[in-house]
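# Residue-level structural notes
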Amino acid sequence: MPNFPCVSRRLDHRAAAVLLTVASMLCMALKADAFDTVILDPGHGAHDRGAAIGYVYEKHLALDTARRVEQLLKKEGLKVIMTRSRDVFIPLQDRSAAGNRSRNAIFVSIHYNYNRGGSGAGAETYYHFSSSYMLGAYIQAYLVQRTGMANRGVKSAGFHVIRVTSKNPAVLVECGFVSNSSERARMMTGEFRARIAEGIAQGIVAYRKAE
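The model shown is predicted, which means the values in this text are computed figures rather than measured ones. (Residues numbered from 1 in each chain as written. Predicted model: local features only at pLDDT ≥ 70, side-chain atom pairs only at ≥ 80, totals over all residues. Heavy atoms only, no water.)

## Details of the pairing of strand β8 (residues 170-177)
With eight of eight residues buried, β8 lies mostly within the body of the structure. In the sheet, strand β5 (residues 105-113) pairs with β8 via six bridges, with the strands oriented parallel. Looking across to β8, one finds that Phe107 is bridged to Ala170. Pairing of strand β6 (residues 123-127) with β8, which is carried by four bridges, proceeds in the antiparallel orientation. Its bridge partner being in β8, Glu124 is matched across the sheet by Glu174. (Buried < 20%, exposed > 50% of the residue type's maximum accessible area, 1.4 Å probe, protein only. Helix = DSSP H or I, 4+ residues; strand = E, 2+ residues; numbered from the N terminus. Pairing = 2+ DSSP bridges.)

Structure (structure tokens):
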């Protein structure tokens, strides 16, 4: 018989059966609430280029990566909503509104990083609410594993899209530094962006299976 710490162990078999039934129902209810929708948020767009060196713009990298993640997740049977699917500007409040609109969903904002000194390197994932930490941890782990980038960790931050998206788990992923010449050369290739997308998608799927 399972150990229920708040209940006396002197239970007859009928009471134990009732508790086991209730526990099973709770487990099934939790499974029923597992997310089936992923809101992907490619950062920046249109006049907002994001991180940029020469003609390498974050807005283009983020959109291409998000599209690749979208296709991978659809193959896993997940519904995907894109906050933008072309080079347009979406205000932050509209992005977070999209993150809150769907039930049984998660929100993943995709970005590329920048450091003025050019010394930054690696991937990092941000969350705001503690309930979003595990989503960030899964994505970060698979992203680093798939790409071999330096692991900058899972960090708490107050970025608008993950702070105002409060009804669903929400994270913001930084997929390497545009300002780092070595990482920039890699991220300009479709093969490397495919690895980034695979890492993000695999992290999302693994998180879902763990729910």
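Following the structure, the description resumes.
## Examining the confidence of the model for the protein chain
Close reading of the predicted structure is inappropriate where its pLDDT is low. Here the protein chain averages 88 in pLDDT, and 84% of its residues register 70 or above. Counted against residues more than four places away or in other chains, residues 1-11, with its pLDDT under 50, gives eight contacts. This model gives residues 15-32 a pLDDT under 50, and the stretch forms seven contacts once residues within four places in sequence are excluded. (pLDDT = per-residue confidence, 0-100. Contact = heavy atoms within 4.5 Å.)

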